[in-house]
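Working through the structure, step by step
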Amino acid sequence: MITAIDDEQPLHVFDLPQLYRKPSAEELLQALDLLAIKPRNFGSAADDAPRKVVVDPAGISQYLTSIVSSSLSWIKSDEAKEEVWNAAAARLSERSGRTAMPSMSRVFHIPLSDAQEVALTLHEPSLTADNLGMKTWVSSFVLSRRLHTILDAVPELVPSESTTSQCSQQKVRALELGSGTGLVGLSFAVLRGASASVHLTDLPAIVPNLSHNVDLNRSVLESSGAQVSTGVLDWSVVPDTEPTREERYDIILAADPLYSPEHPKWLVQTIARWLSTGLNARVVVEMPLREAYLPQVEEFRQRMTDIGLGIIEQGEEVAYDDWETATGDLIEVRCWWSVWGWSEKV
Ligand SMILES: C[S@@+](CC[C@H](N)C(=O)[O-])C[C@H]1O[C@@H](n2cnc3c(N)ncnc32)[C@H](O)[C@@H]1O
């Protein structure tokens, strides 16, 4: 039995069950569970259990490899052996970086007001280097948790005058760009309920999981009256025809959308194309201020200004990445959020 040792020295790999002693499958699985690098829901959700036992990272990979390559011949049940090998392989893949993480489902708690929150469940398939939308990123988490205050602070976030005059029941039309797993768009949908229709979009490889996540949250969406759809919208593609006034959106949402040199240009051209021209149209974005991408954030700000959009509200906040380091430390990320509207001068 491995004992918890809060506030004491970390365990060493030699304190874990050693194969030459022929430990049972249960003992091995217990040890392997201690070695899991678990997602922390960005270090702030109530359901984050504090880590009870810390294991010194030195020698862990070797320990795991020895389990994966052992025949475990003293364990009689093939099923139990399989479970041990799988757990050891999963711990190894967690240590090869975020991109090798296995698939998982996570619950995110999103405030609807200061007193009320809703739980959204998102599936995150195993992440591959070129499919970043398979994971929920920290700025979408903090933006979703902030959305209710942003929306309170910007009361003119209502259907544009052009659309309300045609029909008093008109919903706010919201578009999310680069939705990934859909946290921001789904949060907006639940917050606005029956008064909004929300279209979540991303690249073709990402949309099937995005649609799956909409289905996973069907009951909470239905009870709020929200109307949600999903579809492909690739920022790099410029269609021949312009959208009509009715096809444009009152609000465009995006979290963590800039990570390649073309992204600022593509993103802003997509915003220019799809944002309603009414003065109450809004763009709400949040992005991490990671050193390597600061020029792209600056280019994004410049391009938004160039097309006639100005910042109505903005702020910075410190958030924590959802993957701890091997030693259990949290990774701090500075994030910038902003709400944009058309400048009256344009
Ligand atoms: C870092 S992820 C952020 C995902 C999600 N917004 C979040 O914060 O969890 C960037 C997202 O942008 C999407 N993306 C990248 N290039 C794109 C493009 N050309 N058109 C549409 N989406 C794109 C990716 O597929 C991915 O889902």
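For the structure itself, look to the data block above.
What comes next concerns the included structure. (Residues numbered from 1 in each chain as written. Predicted model: local features only at pLDDT ≥ 70, side-chain atom pairs only at ≥ 80, totals over all residues. Heavy atoms only, no water.)

Observations concerning the site of the ligand
The full set close to the ligand counts 19 residues, and Trp-137, Gly-178, Asp-202, Trp-235 and Ala-255 are the nearest of them. Between the ligand and the protein, one listed contact pairs a nitrogen atom with a backbone N or O atom of Ala-255 at 2.9 Å. Summarising the interface, the protein chains cover 97% of the accessible area of the ligand, which totals 590 Å² for the free molecule. Of the residues belonging to the shell around the ligand, the class tally is eight nonpolar, seven polar and four charged. (Near = heavy atom within 4 Å. Polar contact = N/O pair within 3.5 Å; in protein donor to acceptor, adjacent residues only side chain to side chain. Areas by Shrake-Rupley, 256 points an atom, 1.4 Å probe, with all protein chains shown as cover. Nonpolar A, V, L, I, M, F, W, Y, C, P; charged D, E, K, R; others polar.)

Section: the environment of Leu-19
Along the chain, Leu-19 falls in the segment before helix H1 (25–34). Overall, the relative accessible area of 19% leaves Leu-19 in the buried class. Sequence spacing of Leu-19 and Ser-70 is 51 residues, and the spatial spacing of their C-alpha atoms is 8.4 Å. Excluding its chain neighbours within four sequence positions, the residues that come into contact with Leu-19 are Leu-28, Ser-66, Ile-67, Ser-70, Leu-72 and Trp-74. (Helix = DSSP H or I, 4+ residues; strand = E, 2+ residues; numbered from the N terminus. Buried < 20%, exposed > 50% of the residue type's maximum accessible area, 1.4 Å probe, protein only. Contact = heavy atoms within 4.5 Å.)

Section: helix H9 (residues 263–274)
An ideal rise of 1.5 Å per residue puts 16 Å on twelve residues; H9 measures up with 16 Å between its terminal C-alpha atoms. Within H9, the full set of buried residues consists of His-263, Pro-264, Leu-267, Val-268, Thr-270, Ile-271, Arg-273 and Trp-274. (Expected span 1.5 Å × (residues − 1).)

Describing the sheet that holds strand S3 (residues 172–177)
Pairing in this open sheet of seven strands is mixed, and the strands run S5-S4-S3-S6-S7-S9-S8 from one edge to the other. Edge strands, defined here as strands with exactly one partner in the open sheet, are strand S5 (227–232) and strand S8 (309–320). Strand-to-strand twist of the sheet, defined as the mean angle between neighbouring strand axes without regard to direction, takes the value 15°. As paired strands, strand S7 (residues 282–288) and strand S9 (residues 332–342) are joined by six bridges and run antiparallel to one another. Across the sheet, Glu-286 pairs through a bridge with Trp-337, a residue of S9. Its contacts with the sheet place H9 against S3, strand S6 (251–255), S7 and S8, and it is angled at close to 165° to S3. (Pairing = 2+ DSSP bridges. Axes fitted to C-alpha atoms, helices over the stretch in contact; angles between N-to-C directions.)

A word on the nonpolar core
Ranked by internal contacts, the top residues of the largest apolar core, which has 38 residues, are Leu-186, Phe-188, Val-198, Leu-221, Val-228 and Val-284. With seven residues, helix H4 (residues 138–153) is the largest single contributor of residues to this core. If sequence neighbours within four positions are ignored, Val-284 has contacts with Leu-143, Leu-147, Ile-150, Ile-251, Ile-252, Leu-253, Ala-254, Ser-338 and Val-339. Formed by 25 residues, the second largest nonpolar core is a distinct cluster that contains Leu-267, Leu-275, Leu-289 and Trp-336. (Core = buried A, V, L, I, M, F, W, Y, C linked by side-chain atoms within 4.5 Å.)

What to know about the packing of H9 against helix H10 (residues 294–306)
Taken N-terminus to C-terminus, the directions of H9 and H10 make an angle of 30°; their axes are 9 Å apart at the nearest point. In this view, H9 runs roughly parallel relative to H10, as classed from their interaxial angle. In this structure, H9 meets H10 at a crossing whose hand is right-handed. Between H9, through Pro-264, Lys-265, Leu-267, Val-268 and Ile-271, and H10, the contact on the second element is made entirely by Gln-296, Glu-299, Phe-300, Arg-303 and Met-304. For the contact of H9 with H10, the class distribution of residues is six nonpolar, one polar and three charged. (Parallel < 35°, antiparallel > 145°, perpendicular 65-115°, else oblique. Left-handed = near helix turned anticlockwise from the far one by under 90°.)

Section: the packing of aromatic side chains
In this structure the tally under the stated criterion is three aromatic pairs. Aromatic pair Phe-108 and Phe-141: ring centres 6.0 Å apart, planes at 55°, arrangement tilted. A residue pair is termed long-range when its members are at least 10 positions apart, and Phe-108 in strand S1 (residues 104–111) and Phe-141 in helix H4 qualify at 33 residues. The burial state of Phe-108 is the same as that of Phe-141; both residues are buried. The ring of Trp-137 is capped by Lys-135, whose NZ or CZ atom sits 4.9 Å from the centre of that ring. In this structure, Arg-173 is placed above the aromatic ring of Tyr-249, and the distance from its NZ or CZ to the ring centre is 4.3 Å. (Phe/Tyr/Trp six-rings, centres within 6.5 Å; stacked < 30°, edge-to-face > 60°. Lys NZ or Arg CZ within 6 Å of the ring centre and 35° of its normal.)

Here's the deal with the side chain of Arg-282
You can see Arg-282 is positioned in strand S7. Within the structure, Arg-282 has its side chain in polar contact with the backbone oxygen of Leu-279 (distance 3.2 Å).

Some thoughts on a negative patch on the surface
On the surface, a cluster of negative charge is contributed by Glu-26, Glu-27, Asp-78, Glu-79, Glu-82 and Glu-83. Those elements that place two or more of their residues in the negative patch are H1 and helix H3 (78–95). In terms of residue count, H3 provides more of the negative patch than any other element does, four residues in total. Structurally, Glu-83 can be placed in helix H3. Judged by relative accessible area, which is 47%, Glu-83 ranks as partly exposed. (Patch = residues over 30% accessible without salt bridge, like charges linked within 9 Å, V, L, I, M, F, W, Y side chains within 5 Å. Salt bridge = Lys/Arg side-chain N within 4 Å of Asp/Glu carboxyl O. Lys, Arg positive; Asp, Glu negative; His and termini not counted. Charge placed at Lys NZ, Arg CZ, Asp CG, Glu CD.)

What to know about helix H7 (residues 207–216)
Of all the residues in H7, the buried ones are Val-207, Asn-209, Leu-210, Asn-213 and Val-214. One face of H7 carries all of its buried residues, which in axial projection span an arc of 160°. Buried residues in H7 make contact with strand S2 (117–124), helix H6 (183–192), strand S4 (196–202), helix H8 (218–224) and S5. (Arc of directions from axis to C-beta.)

Considering a nonpolar patch on the surface
A contiguous nonpolar patch, built from Val-318, Tyr-320 and Leu-330 and spanning about 230 Å² of accessible area, is present on the exposed surface. Structurally, Val-318 is set in strand S8.

Examining the pattern of salt bridges
Pairing between side chains becomes possible if they bear opposite charge and their charged atoms approach one another. The final tally for this structure, using the stated rule, is seven salt bridges. Note that Arg-273 is salt-bridged to Glu-242, the shortest N-O span being 3.3 Å. Here Arg-273 is found in helix H9, whereas its partner Glu-242 is found in the loop between S5 and S6, with 31 residues between them in sequence. On the accessibility criterion, Glu-242 (54% relative accessible area) is exposed.

Just distances and angles here, no functional claims.
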